[in-house]
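# Geometric and topological summary
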Amino acid sequence: GAVVSQHPSRVICKSGTSVKIECRSLDFQATTMFWYRQFPKQSLMLMATSNEGSKATYEQGVEKDKFLINHASLTLSTLTVTSAHPEDSSFYICSARGGLPGELFFGEGSRLTVL
Amino acid sequence: EDQVTQSPEALRLQEGESSSLNCSYTVSGLRGLFWYRQDPGKGPEFLFTLYSAGEEKEKERLKATLTKKESFLHITAPKPEDSATYLCAVRRRDNFNKFYFGSGTKLNVKP
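What this report covers is the structure whose coordinates are included nearby. (Residues numbered from 1 in each chain as written. Chains lettered and ligands numbered in written order. Predicted model: local features only at pLDDT ≥ 70, side-chain atom pairs only at ≥ 80, totals over all residues. Heavy atoms only, no water.)

### Digging into the overall build of chain A
To be explicit about the condition: Helix and strand labels come from DSSP, where a helix needs a run of H or I of at least four residues and a strand needs a run of E of at least two; each type is numbered from the N terminus. In this setup the radius of gyration rests on C-alpha atoms only. A globule is expected at 2.2 Å times the number of residues raised to 0.38. Residue exposure (1.4 Å probe, protein chains only): buried if accessible area is under 20% of the type maximum, exposed if over 50%, otherwise partly exposed. Two residues form a contact once any of their heavy atoms are found within 4.5 Å. A 1.4 Å probe and the Shrake-Rupley method give the accessible areas. Residues count as covered only by the protein chains that appear here. Only four residue types enter the tally: Lys and Arg on the positive side, Asp and Glu on the negative side, with His and both chain ends excluded. Every charge is mapped to an atom, namely NZ of Lys, CZ of Arg, CG of Asp or CD of Glu.
Tallying secondary structure elements over chain A gives 0 helices and 11 strands in all. Beginning at the N terminus, the succession of helices and strands in chain A can be written as β-β-β-β-β-β-β-β-β-β-β. For a compact globule of 115 residues, the expected C-alpha radius of gyration is about 13 Å, and chain A comes in at 13 Å, within 12% of that figure. Of all 115 residues assigned to chain A, the portion counted as buried reaches 51%. For chain A, restricting intrachain contacts to residue pairs at least 6 apart in sequence, the fraction spanning at least 24 positions comes to 52%. Surface exposure of chain A reaches about 5700 Å², of which carbon and sulfur atoms provide 52%. Charged side chains of chain A number 11 positive and 10 negative; the gap between the two group centres comes to 5 Å.

### So, the sheet that holds strand β7 (residues 62-66) of chain B
All names here are of chain B. What counts, and what does not: Strand pairing is defined by DSSP finding a minimum of two bridges between the two strands. Comment: axis = line fitted to C-alpha atoms, over the contacting stretch for helices; angle = value between 0 and 180 degrees taken between N-to-C directions.
In space, the 5 strands of this open sheet follow the order β1-β3-β8-β7-β6, with antiparallel pairing throughout. Lying at the two open borders of the sheet, with one neighbouring strand each, are β1 (3-7) and β6 (56-59). Across the sheet, the mean angle separating the axes of adjacent strands is 15 degrees when strand polarity is ignored. Inspection of the sheet shows β1 paired to strand β3 (residues 19-26) by 5 bridges, in the antiparallel sense. Considered in β3, the bridge of Q3 is made with T26.

### Let's talk about the state of the cysteines
Rule in force here: The disulfide criterion used throughout: a pair of cysteine sulfur atoms within 2.5 Å.
Here the structure, examined in full by the defined rule, presents 2 disulfides over all chains. The disulfide bridge from C23(A) ends at C94(A), spanning 2.0 Å between sulfur atoms. The S-S bond linking C23(A) to C94(A) shows a torsion near 80 degrees; that makes this disulfide right-handed. Taken together, the positions of C23(A) in strand β3 (residues 19-25) and C94(A) in strand β9 (residues 90-97) put the pair 71 residues apart, joining distant regions of the chain. Disulfide pairing is shown between C23(B) and C88(B); the S-S distance is 1.8 Å. Its S-S torsion of approximately 65 degrees makes the covalent link between C23(B) and C88(B) right-handed. Here the residue C23(B) occupies a position in strand β3, and C88(B) occupies one in strand β9 (residues 84-92), the gap between them amounting to 65 residues. Since its relative accessible area comes to 0%, C23(B) is described here as buried.

Encoded structure:
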């Protein structure tokens, strides 16, 4: 199946700093990628839809100035958590559509810990 | 309001003890129900897509079925390597991008 790679897998940062997470589709072109957030024992919550060459579409309640998304190429989307605070600590997962209808392939996830 | 509810929250089985996981949903205009497996600290891994009531899909020890209100993931003679969290998600016909995920069932299969 298609491979989506996410980096870094773990990051620890100080409060107030910004952190960038990369999501790459390794063997296919992804015009649309998705960013999810997952809290312990909870479901994945869609944060935003990243569209290649245009602005991301954010879900209600997600601060677009805090979670900056850039989809500069057909294989790379980035999520930057700006001025991170401890409440931003979470598991962030990206995904991209596969070849079959409805298939979503997920990255390995990035565990962010803000001290 | 669209909802996806999975039960049980956690399930402990002995190796070889078959069981079923449930995913009930309320969504207007269903356009696909999806099952994923998630290992700790990893992203979900795609398992199945079901589109219409009565549809069934199988993969090794797993079989997914769909009715108009719920889906079941049947696990036959599970092995310890089947231990994981199983997530289901639904998608609406009017928004192909948005997947509504349940909170998952954490399965632990003991040898």
